[in-house]
Amino acid sequence: MTVFRTLLLAAAIAGGVTAENVARFIAEPPRSWCGTARMGAGDRFRWTVTRSAADLARLLAPLHVGPVRAIEVLERGVSGRARALRVAGSSGSTIIRGELHIRQTFGGLRSSLFVVEVSGGAATFRGAGFGHGVGLCQTGSIGMAEAGKSYKEILQHYYPGSVLRKLW
């Protein structure tokens, strides 16, 4: 995550990492390089994925919870990413822990920075980003390059204070 994006997220969640603050950050995206690239910006910067009841039944079959009634984020990290969530179904409930595990469980979500709504047995995930949330945004780098920024400017944007030097 860029320092700029980190500051914007920090401002959005200044009152604490709550579902409301995360939802607002996702619904009202800040202006950043990550949303400007011609190649793929639309589906990486902000995204929506719906898993049908049939998709959820297939994906969650190993958990033996039955048809899904609710999905609740129980814990978020300092960046707002879901670290633990509860899936409640007609046959029971379970807790899924770990950002990558959560993403994989629901069929490869782009990020664990999301809010989720269950309706009619289907789940709609609205999220931000595409990855683990640290370091350089590849889509943003492309956007900066398209705007004529040099590699040095791009690296300084993502890693302020860093120094480029030859090591060999």
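Before reading on, note that the structure itself is shown above.
A brief report on the enclosed structure follows. It should be emphasised that the depicted structure is a prediction, and the values quoted were computed from it without experimental measurement.

The next subject is the overall build of the protein chain. The secondary structure content of the protein chain amounts to 7 helices and 6 strands. Mapped from its N terminus to its C terminus, the protein chain presents α and β elements in the order α-α-α-β-α-β-β-β-α-β-β-α-α. Looking at the protein chain alone, contacts between residues at least 24 apart form 53% of all its contacts between residues at least 6 apart. Split by element, the accessible area of the protein chain, about 9400 Å² in all, is 55% carbon and sulfur.

Our next topic: the pairing of strand S2 (residues 68-76). Both S2 and strand S3 (residues 82-89) contribute to a ladder of 7 bridges, which runs antiparallel. Paired with Arg76 across the two strands is Ala82, which belongs to S3. Following S2, the chain reverses through 5 residues before pairing antiparallel with S3; Gly80 in that reversal takes a positive phi of roughly 90°.

Attention shifts here to the sheet that holds strand S4 (residues 92-97). What the 3 strands build is an open sheet, ordered S2-S3-S4; its pairing is antiparallel. Each having just a single partner strand, S2 and S4 make up the two edges of the open sheet. Put simply, the sheet's adjacent strands are angled 15° from each other on average, direction ignored. Here S3 runs beside S4; their pairing, made up of 6 bridges, is antiparallel. Bridge pairing in S4 places Leu85 opposite Ile96.

What the 3 strands build is an open sheet, ordered S1-S6-S5; its pairing is antiparallel. Only two strands of the sheet have a single neighbouring strand rather than two, namely strand S1 (46-51) and strand S5 (114-119). Going from strand to strand, the sheet's axes swing by 15° on average, the running direction of each strand aside. Of the strand pairs in this sheet, S1 and strand S6 (residues 122-128) are connected by 6 bridges, and their pairing is antiparallel. Residue pairing across strands places Trp47 opposite Gly127, the latter belonging to S6. Where helix H4 (residues 53-60) meets the sheet, it contacts S1 and S6, and its direction lies at approximately 85° from that of S1.

What follows concerns the packing of helix H6 (residues 138-146) against helix H7 (residues 151-158). Between two packed helices, both the angle of their axes relative to each other and the distance between the axes serve to describe the pair. In contact at an axis separation of 10 Å, H6 and H7 are set at 140° when each is read in the N-to-C sense. Viewed along their axes, H6 and H7 adopt a mutual orientation that is oblique. Crossing angle aside, the handedness with which H6 passes H7 is right-handed. Of H7, the residues touching H6 (which contributes Gly140, Ser141, Met144 and Ala145) are Glu153, Ile154, His157 and Tyr158. When its residues are assigned to classes, the contact of H6 with H7 shows 4 nonpolar, 3 polar and 1 charged.

In this section: the packing of aromatic side chains. Under the defined criterion, the tally for this structure stands at 2 aromatic pairs. Plain terms: the ring middles of Phe106 and Phe125 are 5.1 Å apart, the flat faces sit at 55° to each other, and that makes the pair tilted. Placement of the pair is Phe106 in the loop between helix H5 (99-105) and S5 and Phe125 in strand S6, with a sequence separation of 19 residues. Note on Phe106: relative accessible area 0%, which makes it buried. With 5.2 Å between their ring centres and 85° between their planes, Phe114 and Phe125 make a pair best called edge-to-face. Highlighted residues: Phe114 in strand S5 and Phe125 in strand S6, separated in sequence by 11 residues. Each of the two residues, Phe114 as well as Phe125, counts as buried. Put simply, the rings of Phe106, Phe114 and Phe125 pair up and form one aromatic cluster. Its guanidinium or amino end placed over the ring of Phe25, Arg46 lies 4.7 Å from that ring's centre, counting from NZ or CZ.

Criteria and cut-off values
Residues numbered from 1 in each chain as written. Predicted model: local features only at pLDDT ≥ 70, side-chain atom pairs only at ≥ 80, totals over all residues. Heavy atoms only, no water. Helix = DSSP H or I, 4+ residues; strand = E, 2+ residues; numbered from the N terminus. Contact = heavy atoms within 4.5 Å. Areas by Shrake-Rupley, 256 points an atom, 1.4 Å probe, with all protein chains shown as cover. Pairing = 2+ DSSP bridges. Axes fitted to C-alpha atoms, helices over the stretch in contact; angles between N-to-C directions. Parallel < 35°, antiparallel > 145°, perpendicular 65-115°, else oblique. Left-handed = near helix turned anticlockwise from the far one by under 90°. Nonpolar A, V, L, I, M, F, W, Y, C, P; charged D, E, K, R; others polar. Phe/Tyr/Trp six-rings, centres within 6.5 Å; stacked < 30°, edge-to-face > 60°. Buried < 20%, exposed > 50% of the residue type's maximum accessible area, 1.4 Å probe, protein only. Lys NZ or Arg CZ within 6 Å of the ring centre and 35° of its normal.

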